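Spelled out from the first residue to the last, the chains are:
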Amino acid sequence: MIPDVIMHFPDHRDVIIDSKMSFTAYVDYQNALTDEERKAALDRHVASVRQHVNELSRKNYSKYLKTDSSKLDFVVMYIFQESALQLALASAPTLWKEAYDNGVVISGSQNLYMMLRVLEMTWKQVRQVENQQKIVEAANSVIDRVQLFYERFLKVDEMLERTRAAFNDVKTVTASSGQSIT
């Protein structure tokens, strides 16, 4: 239950890559002397790829990763021999989709780096959106607090005006009588 590679990206995001696969049928295909041998080897090669897809699908590597990791819902099946990959996909055009539907993404050397870069860029954009959301939430909190402060300030101002008016009334009443109390 140990994949060949676990790529650790920032924010505990992991990509599992497995490349364990038999190339015996592919070698037999390349070395076949007759069309019948070549056809039989090709059928075995496609069956071998399908079998590996099924094995990877059943292994569910992601359940063995750290619980705080963000896991993809697929495992990358890396076929380092690009011609073996192309032969299998050309012979069984639905193979890639079948694998994908089972949680396995088949990739060769040409696409693996590009796929990892796309994942990295996507996760970077997700982080940026999450950070932007946090900034918006913080700004909304500041706006709410400023609004609350302003409302309280207006109440205090109103109370001070009432107090000033009451004080002026008392001052006016006491000043206009002109009599001293003895």
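Residues numbered from 1 in each chain as written. Predicted model: local features only at pLDDT ≥ 70, side-chain atom pairs only at ≥ 80, totals over all residues. Heavy atoms only, no water.

(A) Expanded view of the nonpolar core. Of all hydrophobic cores here, the largest spans 24 residues; its most connected members are Val49, Met77, Ile79, Val104 and Ile106. Put simply, the parts of the chain that give this core at least two residues each are helix 1 (24-31), helix 2 (35-59), strand 4 (75-78), helix 3 (82-91), helix 4 (95-101) and strand 5 (104-107). Other than its neighbours up to four places away in sequence, Val104 contacts Val53, Leu56, Ser57, Phe74, Val75, Met77 and Ala99. Listed in part, the twelve residues of the second largest apolar core include Phe9, Ile17, Tyr78 and Trp123. (Core = buried A, V, L, I, M, F, W, Y, C linked by side-chain atoms within 4.5 Å. Buried < 20%, exposed > 50% of the residue type's maximum accessible area, 1.4 Å probe, protein only. Helix = DSSP H or I, 4+ residues; strand = E, 2+ residues; numbered from the N terminus. Contact = heavy atoms within 4.5 Å.)

(B) Highlighting the pattern of salt bridges. Applying the stated rule across the entire model yields seven salt bridges. Asp35 is the partner of Arg38 in a salt bridge, and the nearest nitrogen-oxygen pair spans 3.1 Å. Of this pair, Arg38 and Asp35 both sit in helix 2, three residues apart, which is roughly one turn of that helix. The closest approach of N and O atoms between Glu98 and Arg50, which form a salt bridge, is 2.9 Å. In this pair, Glu98 is assigned in helix 4 and Arg50 in helix 2, connecting sequence segments 48 residues apart. With relative accessibility at 29%, the residue Arg50 sits in the partly exposed group. (Salt bridge = Lys/Arg side-chain N within 4 Å of Asp/Glu carboxyl O.)

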